[in-house]
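A closer look at the structure
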Amino acid sequence: MITYVDAETKARRTSGVIPLHGEAGFAGMRKAGRLTAEALDLLVDRVEPGVATLELDRLAYEFARDNNAIPATLFYKGYRHSICTSINHVVCHGIPDERPLREGDIVNIDLTLIVDGWYGDSSRMYPVGEITRKAERLIEVTYESFEAGLAAALPGNTTGDIGAAIQKHAEGERTSVVRDFVGHGVGQLFHDEPNILHFGIPGTGPELKPGMIFTIEPMINLGRPHVKILSDGWTAVTRDRTLSAQCEHSIGITETGHEVFTQSPRGLFNPLVARR
C-alpha cells in the first residue's frame with residue numbers, strides 16, 4: 001500500500017532544482033489561492049456538531065466543480081476525497097467519513113484546488129462548538145508559530161530561518177513541532193522543491209530568492225512530536241494521543257518580502273478568532 005508520505009516523495013522533482021516563478025506564475029497562484037481560500041471560507045459556517053466530515057468533503061467538491069477547479073487530492077495516488085479532515089489527535093491527512101463531529105472537537109481542513117494548472121494549497125483549524133481552553137491555546141500557538149515563520153520568509157533569509165522561528169515560538173509555549181511532515185514547493189506541481197522544515201537552525205538550508213513559491217504548514221502538538229501512520233496508509237496521529245493542530249498558506253517570495261496567495265477574502269483564516 002502506498003502512503004501519503006510515499007506519494008509526496010514520489011511527486012517531488014528529483015533534480016533538486018528550486019523553480020523561480022515570474023509574474024505569470026504569481027498571477028496563476030493568486031487565482032488558485034483565492035479560490036481555495038473561498039472554499040475554506042464557505043466551510044466555516046458548516047463546521048458544527050452533528051455534521052459529518054464526508055458532508056464537508058461533498059461541499060468542497062461541489063464548490064470546486066461549480067468554479068471549474070479540480071481538488072488536487074481527489075484520486076491522488078488512490079486518495080478518494082477532495083479534502084483532508086484531521087480531528088483532535090490526528091496530525092494530518094485524516095480521511096472524511098460519516099461520523100458526526102462532536103461538540104469540543106477541533107478539526108483541520110486541508111484543501112488544494114487546481115485552477116488553470118496552478119495549485120492553491122491551504123489549511124485551517126476549525127473549532128466545533130465550544131472547545132476547551134487547552135484546545136483553544138493549542139490553536140493560538142499554532143497560528144502564532146505560523147506567523148513567526150511567515151515573518152522570516154524574506155529574500156536573503158534561508159529556509160532554516162523559517163523553521164527556526166516556528167520551533168522557537170512553539171517550544172517556548174511548551175508545545176512540540178512535528179518533524180515527519182514539511183512544507184513544500186508548489187506551483188504547477190502539487191509537491192515541488194524546496195522542502196520547508198518547521199524546525200531547524202537559522203542560516204541553514206537554501207537561500208530564499210524572489211520567485212520561489214512554497215507552503216508553510218506547521219503541525220504543532222500539545223504533547224510530544226512523534227507521530228504514527230494508521231493502517232489506512234494516510235492518517236497520521238500523535239503517538240501519545242494528545243491534540244494536534246496545523247495551519248497552512250501558499251506564499252511566494254518577492255523582491256521585498258512575501259505574498260500570501262491563500263489569504264481569506266473574509267478574514268477567516270483563523271475561524272476561532274473570527275467568531276469571537
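None of the values given here were measured: they were computed from a predicted structure.

Looking now at the overall build of the chain. Secondary structure assignment for the chain yields 6 helices and 15 strands. Since a compact globule built from 276 residues should have a radius of gyration of about 19 Å, the 17 Å found for the chain is in line with a globular shape. Counting only C-alpha atoms and orienting by the principal axes, one finds that the chain spans roughly 45 × 45 × 40 Å. Scored against the burial criterion, the 276 residues of the chain give a buried share of 58%. In the chain, the share of contacts with a sequence separation of at least 24, taken over all contacts with a separation of at least 6, comes to 73%. As presented, the chain carries roughly 11500 Å² of accessible surface, and 50% of it is formed by carbon and sulfur atoms. Between the averaged position of the 28 positive side-chain charges in the chain and that of its 36 negative side-chain charges there is a distance of 4 Å.

Once that is clear, we can look at the nonpolar core. Membership of the largest hydrophobic core comes to 35 residues, with the highest contact counts inside it found for Leu43, Val47, Leu56, Ile109, Leu113 and Tyr126. Secondary structure elements with two or more residues in this core: helix H2 (23-44), helix H3 (53-66), strand S4 (106-115) and strand S5 (118-127). Ranked by the residues each element gives to this core, the list is headed by H2, at 8 residues. Not counting residues up to four positions away in its chain, the partners in contact with Ile109 are Leu40, Leu43, Val47, Leu56, Ile83, Cys84, Thr85, Ser122, Ser123, Arg124 and Tyr126. By size, the runner-up hydrophobic cluster in this structure holds 30 residues, among which are Ile106, Tyr143, Ala152 and Ala153.

To continue, consider H3. The end-to-end C-alpha distance of H3, which contains 14 residues, comes to 20 Å, matching closely the 20 Å that a straight helix rising 1.5 Å per residue would cover. Packed against the buried residues of H3 are H2, strand S1 (70-71), strand S2 (83-87) and S4. Asn68 occupies a position one or two residues after H3 and carries a positive phi of about 55°.

With the rule as written, the count across this model stands at 6 aromatic pairs. Here Tyr143 and Phe269 contribute two aromatic rings whose centre-to-centre distance is 5.1 Å and whose plane-to-plane angle is 75°, an arrangement assigned as edge-to-face. With Tyr143 in helix H4 (residues 133-151) and Phe269 in the loop between strand S15 (258-260) and helix H6 (271-274), the pair connects residues that are 126 residues apart, well separated along the chain. Classification of Tyr143 by relative accessible area gives buried; the value is 6%.

Attention now goes to the packing of H4 against helix H5 (residues 159-172). The contact between H4 and H5 brings their axes to 7 Å, and the two run at 150°. By the angle class used here, H4 and H5 are roughly antiparallel. By crossing handedness, the relation of H4 to H5 is classed as right-handed. Residue-level contacts link Val141, Glu144, Ser145, Ala148 and Gly149 of H4 to Ile162, Ala165, Ile166, His169 and Ala170 of H5. Partitioned by chemical class, the residues of the contact of H4 with H5 number 6 nonpolar, 3 polar and 1 charged.

Our focus in this paragraph is the environment of Arg124. Looking at the secondary structure, you find Arg124 in strand S5. Residue Arg124 is classed as buried on the basis of its relative accessible area of 0%. Note: C-alpha distance between Arg124 and Gly160 (36 residues apart in sequence) is 23 Å. A polar contact is formed between the side chain of Arg124 and the side chain of Asp41, at a distance of 2.7 Å.

This part covers the packing of H2 against H3. Across the interface, H2 lies against H3 with an axial gap of 10 Å and an inter-helix angle of 145°. Judged by the twist between their axes, the crossing of H2 over H3 is right-handed. In contact with Leu35, Glu38, Ala39, Leu42 and Leu43 of H2, H3 contributes Leu56, Leu59 and Phe63.

Moving on, we get to the side chain of Thr238. Along the chain, the position of Thr238 falls in strand S12 (residues 236-238). When its relative accessible area of 1% is taken as the criterion, Thr238 is described as buried.

A word on the environment of Gly267. Along the chain, Gly267 turns up in the loop between S15 and H6. It is 9.8 Å that separates the C-alpha atoms of Gly267 and Ala37, two residues lying 230 residues apart in sequence.

Cut-offs and rules
Residues numbered from 1 in each chain as written. Predicted model: local features only at pLDDT ≥ 70, side-chain atom pairs only at ≥ 80, totals over all residues. Heavy atoms only, no water. Helix = DSSP H or I, 4+ residues; strand = E, 2+ residues; numbered from the N terminus. Rg over C-alpha atoms; globule rule 2.2 N^0.38 Å. Buried < 20%, exposed > 50% of the residue type's maximum accessible area, 1.4 Å probe, protein only. Contact = heavy atoms within 4.5 Å. Areas by Shrake-Rupley, 256 points an atom, 1.4 Å probe, with all protein chains shown as cover. Lys, Arg positive; Asp, Glu negative; His and termini not counted. Charge placed at Lys NZ, Arg CZ, Asp CG, Glu CD. Core = buried A, V, L, I, M, F, W, Y, C linked by side-chain atoms within 4.5 Å. Expected span 1.5 Å × (residues − 1). Phe/Tyr/Trp six-rings, centres within 6.5 Å; stacked < 30°, edge-to-face > 60°. Axes fitted to C-alpha atoms, helices over the stretch in contact; angles between N-to-C directions. Parallel < 35°, antiparallel > 145°, perpendicular 65-115°, else oblique. Left-handed = near helix turned anticlockwise from the far one by under 90°. Nonpolar A, V, L, I, M, F, W, Y, C, P; charged D, E, K, R; others polar. Polar contact = N/O pair within 3.5 Å; in protein donor to acceptor, adjacent residues only side chain to side chain.

Spatial relationships are all this shows, so hold off on functional conclusions.
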